[in-house]
Every structure is written in C-alpha cells, then in structure tokens.
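Each chain is listed here by its residues.
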Amino acid sequence: MREAFVLGVDIGTTNIKVLALDAHGEVVARAASGCEVRAGADGQVTQDPGEWMAALDTCFAAIGCQCSLDAVKALGVSAQGETLICCDAQNHPLAPAMSWMDTRAVAEASELLAERNDWHTRTGKPVAAYSSLAKIRWIQKHQPVLFDRVVRFCQVADYMVAAFTGEWLLDANNASFTSCFNLCQRNWDSELIARYGLSGRLPEVRESGTVAGRLRPGLARRWGLSRESRVVLGGHDQGCAAIGAGLPDKSILLSTGTAWVLYASMPEPRLAPGCRAITYCHARPNSWAALAAFSGGGALDAFASRFLAGNNPAPAYAAIESRPDLAGDLLVLPYFFGANAPSNDPKARGAILNMGPAHGPEHVFYAILESIAFETRRNLTTFCEMQVDCSQIIMTGGATRSGVWPQIVADVCGVPVRLSSEQDAAALGAAVLAGESEGLWERGVVPGLSRQPAIQPVVGNRKRLEMKYQQYLNAVAMDQARRAHNNG
C-alpha cells in the first residue's frame with residue numbers, strides 16, 4: 001500500500017468521514033463514524049460538538065490501521081453549513097450547536113426579512129429560519145444571558161479549524177452561506193455586522209485552500225500524526241464535493257442523499273429569479289456558485305419508513321430493476337417535509353395522484369423516484385435562467401447505487417448523467433485542497449479521478465416522461481392554487 005500524504009475530513013450532519021490520499025491521488029484509507037442529531041420542541045434540532053471530536057478519534061484510529069499517519073503532510077476540512085455554535089474566547093461551546101435543520105427561528109427570519117429588501121442582492125439569499133443570523137436573533141430574544149456571554153459565533157468549519165490549530169479562520173465558501181456576508185466583496189458585510197451586534201464576534205475570512213496553521217501538538221500525538229502536519233481551509237461540503245467530483249465546465253453537480261443538491265460554479269455572482277436558488281462563493285478564489293436543495297432521499301425514506309416492510313427499500317429497488325411496468329401514470333408530490341427549492345413553500349405537503357386498486361407500494365416507490373427527478377429538472381430550469389450551462393450532470397451520492405434512478409434523471413432532464421467514481425466526494429475535495437497546498441499536484445487537478453461512461457437519455461423514455469412532467473407541473477400549480485384558496 002502506498003504511503004498516505006494528505007487527509008480530507010468531512011464533518012457531516014450525521015457522519016464524520018476521513019479519507020486518505022497518497023501523493024498520486026489514490027485513496028489508500030477511509031473511515032466514518034456517526035453523530036447524533038437531537039430533535040426537540042418548537043423545531044429545535046441540536047448536536048453536541050464534543051461528539052465530532054470523539055467521532056474523529058474513532059476515524060483516525062481506523063485510518064491508522066490502514067496507512068501510516070505519521071506521513072500525513074496536511075489535512076483539509078469540509079463541513080456542513082449554517083450550524084451555529086456559540087463559544088467563549090477559548091472556543092468552548094456554551095450551548096448545544098443549533099443544526100442547519102433547526103427551524104425555531106421562523107419568526108425572527110420574518111422580522112429580518114421585513115427590516116430590509118436587499119438581502120438577496122447583498123448576500124445572495126433571503127434570510128430563512130436555518131440562517132445563522134436568524135438563530136442569533138432568536139438567542140438574543142429568548143436567551144439574552146447566553147447572547148451576552150458569546151465571544152465567538154462559529155460555523156462548524158471555523159469551530160473545527162480553531163480546535164485543530166488555535167487559529168480562528170473560516171473559508172469564504174462557508175462564510176458566504178450565512179446571511180452576514182457581502183457576496184461581491186467576498187467578506188463579512190460591515191453594515192450588517194454592525195447593525196446586528198456581531199463586530200469582533202465572527203472569524204477572519206480566507207479563501208479555500210489557505211493553510212490555517214499546524215495541527216496542535218496534543219492532537220498530533222493523540223491521533224498519531226506528525227507535529228508538522230498542516231490544517232488547510234476546505235469549504236462547505238457541497239463546494240468540496242464539486243472539487244472532489246472534478247466538476248468540469250458546462251456541468252452541474254447533483255449530490256444525492258437525504259437532501260438532493262444541485263451545485264454549479266460561475267465566474268461572477270448571478271442571482272436566481274424569485275430567490276429560487278442560493279448564490280454564494282465557490283470553494284475557489286474569484287469564483288461563485290449557485291445552489292438549490294430539496295428533499296430527495298428524505299422523501300423516499302419517509303415513504304419507506306411508513307409503507308415498506310421493515311423500513312427496507314431494498315426489495316422495492318429490486319422490483320423496479322426488473323419491472324418496467326411500474327412506470328405508469330401515478331404521480332407523487334414528494335413534499336413530505338414541505339417544498340424546498342424552487343418553490344420554497346414550507347406549507348406544501350405530499351400527495352399521491354391517479355392511484356387505483358392495481359397500484360401497490362412498488363408503484364408509489366417508482367413514482368417517488370420520478371417525482372424527485374422532476375424536482376431536479378425544475379431546479380435545473382432555474383440554473384439555466386441564471387445563464388449556467390447545464391449540458392451535463394455529474395451525479396454523486398447514494399442514488400448512484402441504483403441502476404434505475406440515474407437513468408430516470410437523464411431521461412427527465414434530457415441531458416447525459418455521469419456517475420462520480422467517489423462516493424465521499426466532499427472528503428475527497430477537502431483532501432485535494434490539502435494536496436494542492438502541499439504542491440503534490442496542480443491546482444484544479446483531481447489526481448486519480450476516473451470517469452464512468454455517460455448515461456444517455458433514452459428517446460422512448462424521454463417522450464413518456466416529458467408528458468408526465470407537464471402533468472406534474474400542473475399538479476404542483478393546482479395544489480398551490482388550492483391551498484391559496486383555502487387560506488384566502
């Protein structure tokens with residue numbers, strides 16, 4: 001086995017992943033460890049930051065059994081976005097981390113939106129309940145003693161970098177995902193920072209790929225790494241995933257998991273019409289990104305947990321692999337958790353249409369796969385309106401393990417779909433940035449990346465699905481009109 005040289009560390013929502021690359025860019029070791037997410041009353045969703053470090057202990061122990069950790073030159077950090085950690089001056093958490101899934105700050109988000117009309121043009125996104133700024137206002141209103149004690153308002157990325165190095169730095173990719181960042185200046189917005197009492201309480205911003213410092217000696221000993229190992233700023237997990245997937249021009253990254261996320265890089269900031277997508281800084285200097293997220297695997301899991309035996313979707317996947325007759329006229333609106341991009345309608349709910357006595361769980365399961373592909377196409381349309389070239393989709397994540405789902409996406413969207421060769425694309429992207437900082441390979445090169453042949457749209461399927469897509473759009477519009485009438 002080749003010697004490992006760089007690591008990618010991905011601090012995800014429910015999983016911590018560590019991936020090791022040698023000097024040739026080959027993956028020589030990998031490990032993962034889970035973290036708990038705790039749901040409470042009034043939309044509260046929290047995590048214990050201490051569990052992230054405990055999970056890393058488990059991961060580094062596993063990596064150390066696969067390769068020589070004392071040869072590691074650098075590690076890059078990828079992280080979930082918009083999870084807020086309130087810390088003291090020593091970077092110790094003063095309360096549980098408020099997850100990006102936390103929606104307690106709905107009222108505060110509405111207040112902030114009402115206070116000014118330039119959120120979208122200034123920061124690239126409207127304020128929402130998940131936004132750090134809305135959560136900070138919630139703390140100020142409901143926990144004023146905590147608000148006054150906070151010295152550092154952290155995201156996961158800068159919290160971990162500070163824990164690793166003692167330096168309080170945040171990459172522009174993650175920083176710009178908050179609602180406190182000036183999109184064009186690529187730094188904190190001074191007016192917003194002063195207005196909302198955040199002066200001196202946010203980290204310095206640096207571009208992804210910047211060396212933050214050396215790993216603390218105590219951690220180096222604890223994990224078996226060299227004291228010379230450096231820590232490199234990575235980015236938001238989606239930005240790192242785009243790097244790890246080697247996202248080429250004229251391509252869209254489609255990350256498939258609990259959430260499905262479309263991501264594309266742009267040479268300048270372009271805003272989505274009607275706030276239907278987020279614009280923020282890419283994990284590359286002088287580059288921006290468009291992002292649209294919606295419930296994909298989460299919608300499928302919600303159905304499986306209620307209607308499939310043992311909560312197990314495997315038999316349903318097996319059925320759709322062998323039964324093309326399942327692709328019928330059944331329509332599903334997959335809004336079991338409300339509608340995310342492009343509708344941004346939290347009051348939307350799921351629906352099954354055209355169901356008859358001959359339909360079973362497998363038919364509904366197949367229709368959900370199609371509906372999530374329809375939502376992908378709706379968001380792809382937004383990207384095209386932003387003048388993003390959508391000639392190809394690079395697909396990564398859990399849905400790539402299905403032989404059917406990528407083909408459905410290709411047929412619905414009418415573009416080739418390439419499957420990423422690396423499932424842990426965010427960790428890989430962080431490792432690539434670490435390798436670039438060490439001069440192991442050229443910037444923008446993803447060594448060892450292999451590309452599978454593109455899945456082409458099937459003409460026959462395309463015709464059927466085009467008609468069904470128009471029916472789906474009509475169903476979405478009718479549902480919106482019905483709820484508007486009932487509420488009127």
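Keep in mind the model is a prediction, meaning the values are calculated, not measured.

Chemist: Honestly, the packing of aromatic side chains in this entry has me stumped. Any pointers?
Modeler: The geometry of two aromatic rings is summed up by the distance between their centres and the angle between their planes. Within this structure, the stated rule accounts for 12 aromatic pairs. The interplanar angle of 20 degrees and the centroid separation of 4.3 Å between the aromatic rings of Phe60 and Trp223 together place this pair among those described as stacked. You can see Phe60 sitting in helix H1 (residues 49-64) and its partner Trp223 sitting in helix H9 (residues 217-223), a full 163 residues away along the chain. Overall, Trp223 belongs to the buried group, its relative accessible area being 5%. For the pair Trp260 and Trp405, a centre-to-centre distance of 4.8 Å together with 40 degrees between the ring planes defines the contact as tilted. One end of the pair, Trp260, is in strand S17 (residues 259-266); the other, Trp405, is in helix H14 (residues 405-413), and 145 residues separate them in sequence.

Chemist: Any chance you could explain the packing of helix H2 (residues 106-115) against helix H4 (residues 132-142) here in plain terms?
Modeler: The relative placement of two packed helices comes down to the angle between their axes together with the axis-to-axis distance. The geometry of H2 relative to H4 is characterised by a closest axis approach of 8 Å and an angle of 110 degrees between their N-to-C directions. Here H4 runs roughly perpendicular to H2, going by the angle between their axes. The element H2 and its partner H4 pack so that their crossing is right-handed. Only Leu133, Ala134, Arg137, Trp138, Lys141 and His142 of H4 make contact with H2, whose side of the interface consists of Glu108, Ala109, Glu111, Leu112 and Glu115.

Chemist: Before we go on, may I ask you to explain the environment of Ala373 in this structure?
Modeler: When you line up the elements, Ala373 lands in helix H13 (residues 361-385). Taking the relative accessible area as the measure of exposure, Ala373 reaches 0% and is therefore buried. Excluding residues within four positions of it along the chain, Ala373 makes contact with Ile408, Val409, Val412 and Cys413.

Chemist: Explain empty space enclosed by the protein here, please?
Modeler: Here the structure, examined in full by the defined rule, presents four cavities of 30 Å³ or more. In this model, the largest cavity occupies a volume close to 70 Å³. Forming the boundary of the largest cavity are 13 residues, of which Phe153, Gln155, Thr178, Trp188 and Leu202 lie nearest the centre. Elements represented by at least two residues in the lining of the largest cavity include exactly H4 and strand S9 (152-154). A per-class count over the lining of the largest cavity returns nine nonpolar, three polar and one charged.

Chemist: Please clarify how the state of the cysteines should be interpreted in this entry.
Modeler: What is meant by a disulfide is a covalent connection between two cysteines, made through their sulfur atoms. On inspection of all chains with the given rule, the structure shows zero disulfides. Cys59 takes part in no disulfide bond, and the closest cysteine sulfur to it belongs to Cys35, at a distance of 8.4 Å. When its relative accessible area of 1% is taken as the criterion, Cys59 is described as buried. For Cys67, which is in no disulfide, the shortest distance to another cysteine sulfur is to Cys65 and amounts to 9.7 Å.

Chemist: Is there a simple way to think about the nonpolar core in this case?
Modeler: Soluble globular proteins tend to pack their nonpolar side chains together in the buried interior. Formed by 139 residues in total, the largest nonpolar core has its most connected members in Trp52, Leu56, Phe164, Phe383 and Val409. Of all the elements, H13 adds the most residues to this core, at 11 residues. Discounting residues that sit within four places of it in the chain, Phe164 has contacts with Met53, Leu56, Leu75, Val77, Arg214, Leu215, Arg216, Leu219, Trp223 and Val231. Core analysis: the next-biggest nonpolar cluster, separate from the first, contains 32 residues, Ala74, Phe177, Ala245 and Ala430 among them.

Cut-off values and rules
- Residues numbered from 1 in each chain as written.
- Predicted model: local features only at pLDDT ≥ 70, side-chain atom pairs only at ≥ 80, totals over all residues.
- Heavy atoms only, no water.
- Phe/Tyr/Trp six-rings, centres within 6.5 Å; stacked < 30°, edge-to-face > 60°.
- Helix = DSSP H or I, 4+ residues; strand = E, 2+ residues; numbered from the N terminus.
- Buried < 20%, exposed > 50% of the residue type's maximum accessible area, 1.4 Å probe, protein only.
- Axes fitted to C-alpha atoms, helices over the stretch in contact; angles between N-to-C directions.
- Parallel < 35°, antiparallel > 145°, perpendicular 65-115°, else oblique.
- Left-handed = near helix turned anticlockwise from the far one by under 90°.
- Contact = heavy atoms within 4.5 Å.
- 1 Å grid on protein atoms, 1.4 Å probe; cavity = no way out; pocket = protein on both sides within 12 Å on 5 of 7 lines; lining within 4 Å.
- Points joined across faces, edges and corners; volume = space filled by probe spheres on them.
- Nonpolar A, V, L, I, M, F, W, Y, C, P; charged D, E, K, R; others polar.
- Disulfide = S-S within 2.5 Å.
- Core = buried A, V, L, I, M, F, W, Y, C linked by side-chain atoms within 4.5 Å.

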